[in-house]
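Spelled out from the first residue to the last, the chains are:
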Amino acid sequence: MITTIEWLLEQKEIPGFHFVAGKKGKANKITGVNIIDNPDTIRFLVGGELILSTGYFLKEDEDLKNSFIKDLHSKNCAGLVIALKRYLNEIPQNMIDDANLIGFPIISVSFETNFSEISRMIYTNILHNEISDADQLYKMYHHLNKSLANEHTLKDTLNCIDQITGFPLLITNNQFELMEFSDKAVQYDIDPGQVTPFDSSACQNYLDTYQKCHFDVITRQNRVIFSIRDEVTLYGFMCFLNVDTNFNSIHYNFAYSILPLLSMELSNEMIRQKLSRQGKNNFLKNMLSGEMSESDIKDQCEIYGFSIDASRTCLVLQPDFSIDMTQNEKDSIFDNYGHFMKHITLSYPCATYSFHDDNNLVILLLFSINNQNRISDTTIQFAQALLDSFNNIDINCHIGISEILTGISTLHSGYMEALQALRLGRKLNSEQRIFRYSVNMLSHLVSNLQPDSYIYDSYLKQLKPLFDFDHEHGTNLAATLYEYLKNDCSIKDTANALFIHRNTLTIRLEKIKELLSTFDLRHFDDKVILYIAFHIFKIKDM
């Protein structure tokens, strides 16, 4: 039994213990014994001691009577046993009042009581407990080694620790993101689908605490959390749940003893996950390259759980990296993307597959729904959330989005659509951040024309009179005509878009008709030719 004040009062081996004051401190643990009959020795106390005294130095020192109990309490002593009927007939009332107020136990014994016997009895029990604890700790560790002698997973290890200690537990990485948990942990609001095991504010608080003091263990909110690390690397955290007050010194010692094992297992798990990610990344790159056969694609899709038949969209994200940024710094940013993704994907009805090359991040969204409008809206929301995540680390990005696709034959084409949407979008609209392939179909069509082709040149020369006039006279007739065509030849809408009066627009249109005398803006075919010519002009330098 643990050596406490309450345990001492229950012992029959030495009769005559009388509890005087400090009831709240009965559970105080006794870790040693010290006999004091000189107040100068108080400063050498280390805490946990039961103080034995005859009270000799208290007999005629009123100041010491007023401070003695407070001084012992400040040193975290377990309690005071004082012998009466030689120097003190009774314990002073002010000492009793202080003890009751701060919960510091005072016990009286007769002067004939042998202090050495009290010390022997206490140390015998402390030693017995230490031997018992060591024996129990050995049995726990032996059980763990025996259970994990064969091939096992990290979950097997946690389930075994759970069984030995009686406490459910989980493991996180060094960002406090959930990696694995014992089966019983799900009873305590641990959701396997969540990124972090607890609410984000609690997890951030644990991380902040570690950054400040690099703790080995902390106890918070009915949880005991150990850091898993070596001299250089923090691998993650081990968290015991629902500990209440039953997590004792044996559990602490056992947890400390298995930290090297968990450090190795967590390191191996991180390596396994990294290799798995690399394999998946290579599969995605090869699949989207258009160079894999359909049979190979089907085989790999089964391995990585990639549903060919699911509706999907392809996104290509391009960060605006600074010129002096190294490739290692770029890779680090892309690696951090995985942290963002874990949080983002929880809010959307889709699975995500991704990889990055030197400058782009490629993401495939596989949807569990078939509603085209909802898939389109969800893809845009997902893209915006991703942009916001990168903005939080002060990196601007642009994203190209393919059409909604299914089947093997569209894997490569979907990737090319997203790339082309990004390339053309950044050229045609520098203010925009998200570009959908379906929005600029005409631009995508004309972008496939060869710059040296007859068709390419024939369209461009239709606008030459306007550009020449604008260059010579400092006007903007070409921009006016483009806005007029874009607004379906509406005088009102075009004037509003250009912020000019309708009469001003009419004068410009008359001059345009004069310069482009071979075209009639009332005819649909002529308008289409000019509109295509503008699109060719916009992309001609890409």
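Structure: above.
As a starting point, this report considers the structure included with it. The structure presented is a predicted model; accordingly, all values stated were derived computationally and were not measured.

**Structural notes on the packing of helix H14 (residues 464–473) against helix H15 (residues 477–486)**
How two helices sit against one another is set out by the angle between their axes and by the gap between those axes. Viewed as axis vectors pointing N to C, H14 and H15 meet at an angle of 135 degrees, and their least axial separation amounts to 8 Å. As far as their axial angle goes, H15 and H14 are oblique. Contacts from Leu 466, Phe 467, Phe 469 and Asp 470 of H14 reach H15 at Leu 477, Ala 478 and Leu 481. A breakdown of the residues in the contact of H14 with H15 according to their chemical character gives six nonpolar, no polar and one charged.

**Considerations on the sheet that holds strand S6 (residues 169–173)**
On the basis of which strands lie adjacent, the open sheet formed by five strands has the order S7-S6-S10-S9-S8 and antiparallel pairing. Every interior strand has two partners, whereas the edge strands, strand S7 (178–181) and strand S8 (217–220), have only one. With direction set aside, neighbouring strand axes in the sheet form an average angle of 25 degrees. Sheet topology places S6 next to S7; three bridges connect them, and they run antiparallel. Its bridge partner lying in S7, Thr 172 is registered against Leu 178.

**A few points about the sheet that holds strand S3 (residues 49–53)**
Strand order in the open sheet formed by five strands is S1-S5-S4-S3-S2, and the pairing between neighbours is mixed. Both edges of this open sheet fall to strand S1 (18–21) and strand S2 (32–35), since each of them pairs with a single strand only. For this sheet, the mean inter-axis angle between neighbouring strands, taken without regard to orientation, is 25 degrees. Bridge count between S2 and S3: four bridges; the pairing is parallel. Each bridged residue has a counterpart across the sheet, and for Gly 32 the counterpart in S3 is Glu 49. Here helix H3 (residues 93–102) sits on the sheet and contacts S1, strand S4 (79–84) and strand S5 (106–110); the angle it forms with S1, its principal contact strand, is near 85 degrees.

**A word on the pairing of strand S14 (residues 397–401)**
Within S14, five of the five residues are buried, which leaves the element mostly enclosed by the surrounding structure. Residues of S14 alternate between two faces, with Cys 397, Ile 399 and Ile 401 on one and His 398 and Gly 400 on the opposite face, all of them buried. Two strands pair when backbone bridges link them, and S14 and strand S15 (residues 434–436) are joined in this way by three bridges, in the parallel orientation. Note on S15: the bridge partner recorded for Gly 400 is Phe 435. With helix H11 (residues 411–428) bridging S14 and its parallel neighbour S15, the resulting β-α-β unit is left-handed.

**A few points about the packing of aromatic side chains**
In the structure shown here, the tally under the stated rule is 20 aromatic pairs. Ring geometry for Phe 215 against Phe 237: centres 6.0 Å apart, planes inclined by 35 degrees, an arrangement best described as tilted. A residue pair is termed long-range when its members are at least 10 positions apart, and Phe 215 in the loop between helix H6 (200–213) and S8 and Phe 237 in strand S10 (residues 234–240) qualify at 22 residues. The pair formed by Phe 215 and Phe 237 is uniform in burial state, with each residue classed as buried. Lying across the ring of Phe 19, Lys 26 places its NZ or CZ 4.8 Å from the centre. Residue placement shows Lys 155 over the ring face of Phe 181; its charged tip is 4.1 Å from the ring centre.

Procedures and definitions
- Residues numbered from 1 in each chain as written.
- Predicted model: local features only at pLDDT ≥ 70, side-chain atom pairs only at ≥ 80, totals over all residues.
- Heavy atoms only, no water.
- Axes fitted to C-alpha atoms, helices over the stretch in contact; angles between N-to-C directions.
- Helix = DSSP H or I, 4+ residues; strand = E, 2+ residues; numbered from the N terminus.
- Parallel < 35°, antiparallel > 145°, perpendicular 65-115°, else oblique.
- Contact = heavy atoms within 4.5 Å.
- Nonpolar A, V, L, I, M, F, W, Y, C, P; charged D, E, K, R; others polar.
- Pairing = 2+ DSSP bridges.
- Buried < 20%, exposed > 50% of the residue type's maximum accessible area, 1.4 Å probe, protein only.
- Right-handed = clockwise from strand over helix to strand, strands pointing away.
- Phe/Tyr/Trp six-rings, centres within 6.5 Å; stacked < 30°, edge-to-face > 60°.
- Lys NZ or Arg CZ within 6 Å of the ring centre and 35° of its normal.

Everything listed here is a matter of geometry and, on its own, says nothing about what the molecule does.
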